[in-house]
Amino acid sequence: MPQKKNRSKPSIALAWGTGLIGLLLILALLAPVLASFEPDSIDAEQLLSPPSFQHWMGTDQLGRDVLSRFLFGARISLTVGALIIVIAGCLGILIGSLSGYFGGWLDQLLMRFTDIMLCFPVFFLILSVIALIGSSVFNIILILGLTGWMGLARLVRAEILTLKNREYILVARAYGASDARLILRHLVPNASAPIFVTMILGIASAILAESALSFLGVGIQPPTPSWGNMLNDARATLGVAWWMSLFPGLGIFCAILGFHLIGEGLRNPAGGRP
Amino acid sequence: MLLSAEHLTKYYPLRASIFSRARACVRALEDVSFRLPEQHSLGVMGESGSGKTTLARLLANLIAPTRGTLSFSPAISDRTKDIQIISQNPWEALDPRMTIGQSLKEPLIIHRMNDIRDRLRRSLDLVGLDRHCLNRLPHEFSGGQRQRIVIARAMSCGPKILVCDEPTSSLDISVQAQILNLLLDLKEQQKLSLIFITHDARLLPVISDSILVLHSGIMVERGPREAVLNKPLHPYTRQLMTLSKLHEKPQAARGAGGAGCPFWQVCSLKKTECSEHLPEIVQISPEHWVRCCHFL
Amino acid sequence: MTRLFEVRDLNVMLPTRHGPLAVSRDISFSLEEKQILGVAGESGCGKTMTMLALTGLLPPGSRVSWKKLELAGRSCDPSCRTDISKMRDKGISYIFQEPGTHLNPLFSIGEQLTETILCNNRGLRAKTARQEAVRILENVGLRPAGDFLRRYPHQLSGGMNQRAMIGLALAADPKLLIADEPTTALDLLTQRSIIDLVLSLVRTRGLSVIWVSHDISLMESFADTLAVMYAGRIVESGPAKDMTRHARHPYTRALIHCLPERLKEKRFQPIPGHVPALNAETRGCAFYPRCPFGMPACAQAEPLTIETENSRKIKCFFPQNT
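Residues numbered from 1 in each chain as written. Chains lettered and ligands numbered in written order. Predicted model: local features only at pLDDT ≥ 70, side-chain atom pairs only at ≥ 80, totals over all residues. Heavy atoms only, no water.

Please give an account of the interface of chain C and chain B that cites residues and values.
With 27 residues of chain C at the contact, the number on the chain B side is 31 residues. The junction of chain C with chain B conceals about 2,700 Å² of combined surface from both sides, 58% of it contributed by carbon and sulfur atoms. Our count for the chain C to chain B interface comes out at three salt bridges. Those elements that place two or more of their residues in the side of chain C that touches chain B are helix H8 (188–205) and helix H9 (216–220) of chain C. The biggest single contributor to the side of chain C that touches chain B is H8 of chain C, with five residues. Taken together, the residues that form the side of chain C that touches chain B break down as 11 nonpolar, seven polar and nine charged. (Contact = heavy atoms within 4.5 Å. Buried area = accessible area lost by both parts, 1.4 Å probe. Salt bridge = Lys/Arg side-chain N within 4 Å of Asp/Glu carboxyl O. Helix = DSSP H or I, 4+ residues; strand = E, 2+ residues; numbered from the N terminus. Nonpolar A, V, L, I, M, F, W, Y, C, P; charged D, E, K, R; others polar.)

Written as structure tokens, this is what we have:
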């Protein structure tokens, strides 16, 4: 029964992915309950202590509990990732659907703009913009959201281009549906499967980008914990305190893996297209 | 007259590249004229590539004609409401993500009808579907049922003209008979006018009151049903009519385009001038027109 | 006349989520050399599945069983699955309904043809294969052949693509050609020219053809024998002209009556109801719910196939008289 095998494989991926992300979400949501210490309470007597019953993930160079910081960091990292993809998603769907639906000069204009954005070394752009406007959680979300929509825009445009000549779209135009109605009620919902998969995968890369920025010290600023800046803290003591880098690293790893598994799992059973 | 079309012509531009202006054109439809009285059905006969679908799209206001005019009687106030289109492929004509109920409601919402529930029920009754289907998705239905749903949607806002673009060509013969009967019933009960586009001449004797024959986008003959079926004038029409009797062999294959008569290469009556210019359309009897150099 | 192909009691089960599903039951027919068998029936009657089963092209997991399956004197062992695809390689070719989707858009007609020829004659030189390809294209009426060799499927019309498909089928040098609704997607004129092509191949190459279509009047014009399928069974079969003139099974009659040229009081005559779902369990005759001549007995047991004069076979308790 090779067919059955093919069908059940992606659902296993989906189950693992949702399990992982679900676990991280529960941990993040219950952070105030689960964490036995304040994430930024300093304990001068327990500097760099290895994992113990009191501090499950050990403490850092200021004596803060790594577990508490990990849990509150999960809140920040996941929220930032999700909000970034909301901004990028809205922009990408808007630009992609306008471009694909109306075509002509508007399409040329929007797609050339997308190409320019894609050619830009985005990371350096972000670094310089943050240097200009300063870094806060809000700024990080905004800047990563505004620079992360290009792939999605191209995908949406391609989907809309194939969908807009379908007969049901033509018939809908014939019975008088307006452009906005066609895009919002018919075209975007029918392209939603690939859009959704891309957005799920986009959360993973948004989390990664936020961590990278924070690791470089230009992202989420201490003392607010995020997995990225926890790794940054761990850099100095990498040789002696392995627990400080292991757990936030594991957090990022699980989040990325989880979102990718969900994305893969959703991509296959739908066959890409309904 | 509900509708009259004068010299309808549509060229599609061919573009060499995105930066250049349109250079060449494809002739999709050339000089098509007809009139559609009330409660009348016009059969449009043509093979693929004859411009049938272009004609349907022009009538449904999906594209604008390059030349020529479409004029309507005052009875047709809103083209998106009074002219509805039934397309060829019922598998493609319904939004796969919408339930049947949502799909059927769409035109009613757009045209701001107030008695949506009543109209839904009435149009379902018209096509013989029961109300349980409203919450289901298109993929749960067979081709014939889908075509019924499409017809129900077209009928829901009370159109005056139904443009049917090969509504049965992708259906089984037994289902085709059901759908055609339904369209005939609707025509009588709802005082509809039909424009019935088909490549199957066998359907024309029943479904159409007058017939228009297209070849490579050119109207070669138009006339009342009896005249065209029993005494076709254009050699192309004659060939189609013999072919529809199935047991007889066709004499020749299809001809190619060019400046002249589209049929000249395979025409048994061809003259030298046929290849050079397209003959004008000639009136044979009050309602019968033909475009062939033998009748000039 | 020599018998080319015979199948007796073929049963096909497809795997589904709800367990195995019988799509064709007790299919028996035979075919002489240089003859055309037309298989008619509405969609959903198991025509395509039966034909795919005969060529071993069904999806994996499906079960095919038969009492006898014989092509040109070579019979196929019911216990051995690979045998059926061996038999196909030795002499059955298949043409599909939509030529556009069954040709590979990335390769030219010539490349696809030579590949098929090389697959069927191992050790042939590429140049000879090319010459053979040209010969085949001329055979199917794509002239000048050299020109068509270089073209891609999207550059050809539907009719030309169907000719190319027939060419590909001929490349395997088959004895039996199974054509599954080969002209349904085509215009009347093109349809007629494809039929003429197949008829000429029957004459010149001694091909036998199984032609599947829902248009029984179309097949009457060229088939030698007809078989009508309903709900996975052959309900009536016999010589084509005799079958259509004097249809005896109610379903065959209904199929003929719903043709557009058969009108009654200016209305078409559809068959009431619809084809039963394949998983619907019926005790009696499958056509009983739609049958205008049904009797209580029909709902109780499935009718056996009876043979009448001039090799007509009818699966009905109350065959109609003409």
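Describe helix H9 (residues 179–190) of chain A, and please don't skip the residues or the numbers.
Taking 1.5 Å as the rise per residue, H9 of chain A with 12 residues should run 16 Å; its terminal C-alpha atoms sit 15 Å apart, in good agreement. The complete set of buried residues in H9 of chain A reads Arg181, Leu182, Ile183, His186, Leu187, Val188 and Asn190 of chain A. In the core, the buried residues of H9 of chain A are packed alongside helix H3 (66–102), helix H7 (150–163), helix H8 (167–174) and helix H10 (192–215) of chain A together with helix H3 (100–110) of chain B. (Expected span 1.5 Å × (residues − 1). Buried < 20%, exposed > 50% of the residue type's maximum accessible area, 1.4 Å probe, protein only.)

Describe the pairing of strand S1 (residues 3–14) of chain C, and please don't skip the residues or the numbers.
Residue and element names in this part refer to chain C. In the sheet, S1 pairs with strand S2 (residues 21–32) via eight bridges, with the strands oriented antiparallel. Its bridge partner being in S2, Met13 is matched across the sheet by Ala22. Connecting S1 to the antiparallel partner S2 that follows it, the hairpin turn spans six residues, and Gly19 within it adopts a positive phi of roughly 95 degrees. As judged from the four bridges shared by S1 and strand S5 (residues 68–71), these two strands associate in the antiparallel manner. (Pairing = 2+ DSSP bridges.)

So what's going on with unusual backbone geometry? Residues and values would help.
All names here are of chain B. Positive phi values are uncommon outside glycine, yet His7 reaches one of about 50 degrees. Considering the arrangement of structural elements, one finds His7 in strand S1 (residues 3–14). Taking the relative accessible area as the measure of exposure, His7 reaches 46% and is therefore partly exposed. The phi angle at Arg112 is positive, at roughly 50 degrees, despite the residue not being glycine. Within the secondary structure layout, Arg112 lies in the loop between H3 and helix H4 (116–127).

Quick rundown of the pattern of salt bridges? Include the residues and the values.
Applying the stated rule across the entire model yields 37 salt bridges over all chains. Ionic pairing is found between Glu106 of chain B and Arg185 of chain A, a salt bridge with its closest N-O pair at 2.8 Å. Taken together, the residues Glu106 of chain B in helix H3 and Arg185 of chain A in helix H9 connect one chain to another. Taking the relative accessible area as the measure of exposure, Glu106 of chain B reaches 0% and is therefore buried. One salt bridge connects Arg267 of chain C with Asp185 of chain B, and the closest N-O pair in it is separated by 2.8 Å. One end of the pair, Arg267 of chain C, is in the loop between helix H11 (250–257) and strand S12 (305–308); the other, Asp185 of chain B, is in helix H6 (residues 173–189), on a second chain. In the salt-bridge network here, residues are joined through shared partners; they are Arg3, Glu6, Arg8, Glu32 and Lys68 of chain C.

Residues and numbers for a positive patch on the surface, please.
Residues and elements named next belong to chain C. Together, Arg74, Lys86, Lys90 and Lys175 make up a positively charged patch on the protein surface. With respect to the helices, strands and loops of the structure, Lys175 is situated in the loop between helix H7 (158–171) and strand S8 (176–180). On the accessibility criterion, Lys175 (38% relative accessible area) is partly exposed. (Patch = residues over 30% accessible without salt bridge, like charges linked within 9 Å, V, L, I, M, F, W, Y side chains within 5 Å. Areas by Shrake-Rupley, 256 points an atom, 1.4 Å probe, with all protein chains shown as cover. Lys, Arg positive; Asp, Glu negative; His and termini not counted. Charge placed at Lys NZ, Arg CZ, Asp CG, Glu CD.)

Explain the interface of chain A and chain B residue by residue, including any values.
When the parts of a complex come together, some accessible area is lost, and that lost area is often used as the size of the interface. Each partner contributes to the interface: chain A provides 18 residues, whereas chain B provides 25 residues. The tally of links between chain A and chain B comes to three salt bridges. For the pair chain A and chain B, the number of links is 12 residue pairs in polar contact (both at pLDDT 80 or more). Within the residue set of the side of chain A that touches chain B, elements represented by two or more residues are H8, H9 and H10 of chain A. If you tally residues by element for the side of chain A that touches chain B, the top one is H8 of chain A, at six residues. Among the residues making up the side of chain A that touches chain B, the classes are represented as eight nonpolar, five polar and five charged. (Polar contact = N/O pair within 3.5 Å; in protein donor to acceptor, adjacent residues only side chain to side chain.)

Tell me about the packing of aromatic side chains, and please be specific about residues and values.
All names here are of chain C. Per the counting criterion, the structure on display carries 11 aromatic pairs over all chains. Taking the centre distance of 4.4 Å and the plane angle of 50 degrees together, the rings of Tyr230 and Tyr251 count as tilted. One end of the pair, Tyr230, is in strand S10 (residues 225–230); the other, Tyr251, is in helix H11, and 21 residues separate them in sequence. Of the residues examined, Tyr230 reaches a relative accessible area of 1% and is grouped as buried. (Phe/Tyr/Trp six-rings, centres within 6.5 Å; stacked < 30°, edge-to-face > 60°.)

Would you mind going over the environment of Gly101 of chain B in detail, with residue names and values included?
All names here are of chain B. Counting through the fold element by element, Gly101 comes out in helix H3. The class for Gly101 is buried, based on a relative accessible area of 7%. Separated by 48 residues in the primary sequence, Gly101 and Ile149 have C-alpha atoms spaced 9.7 Å apart.

Describe in detail the confidence of the model for chain B, supporting the description with residues and values.
Residues and elements named next belong to chain B. Looking at chain B, the pLDDT average stands at 83 and 90% of residues meet or exceed 70. Per-residue pLDDT stays below 50 along residues 246–257; that stretch engages in 28 contacts with residues further than four places along the chain or on separate chains. Across the predicted assembly, pTM comes out at 0.81 and ipTM at 0.82. (pLDDT = per-residue confidence, 0-100.)

A description of the sheet that holds strand S7 (residues 92–95) of chain C should follow, citing residues and the corresponding values.
Residues and elements named next belong to chain C. The strand order across the open sheet built from eight strands is S7-S8-S9-S3-S10-S11-S13-S12, with neighbouring strands paired in mixed fashion. The outermost strands of the open sheet, each flanked by one partner alone, are S7 and S12. Put simply, the sheet's adjacent strands are angled 20 degrees from each other on average, direction ignored. Strand direction decides the pairing type here: S8 and strand S9 (residues 208–212), joined by five bridges, are parallel. In the strand pairing of S9, Ile178 is matched with Ile210. Helix-sheet contacts for H7 involve S7 and S8, and the interaxial angle to S7 is about 165 degrees. (Axes fitted to C-alpha atoms, helices over the stretch in contact; angles between N-to-C directions.)

Provide a residue-level description of the nonpolar core, including the pertinent values.
Residues Ile151 and Leu162 of chain B together with Leu137, Ile166, Trp211 and Tyr251 of chain C are the most contacted members of the largest nonpolar core, which totals 118 residues. The dominant element in this core, judged by the number of residues it contributes, is H6 of chain B, at nine residues. (Core = buried A, V, L, I, M, F, W, Y, C linked by side-chain atoms within 4.5 Å.)

Could you give me a rundown of empty space enclosed by the protein, with the residues and numbers involved?
Evaluated as defined, the whole model comprises nine cavities of 30 Å³ or more. One number sums up the size of the largest cavity: a volume of about 290 Å³. Of the residues in the lining of the largest cavity, the class split is seven nonpolar, 10 polar and five charged. (1 Å grid on protein atoms, 1.4 Å probe; cavity = no way out; pocket = protein on both sides within 12 Å on 5 of 7 lines; lining within 4 Å. Points joined across faces, edges and corners; volume = space filled by probe spheres on them.)

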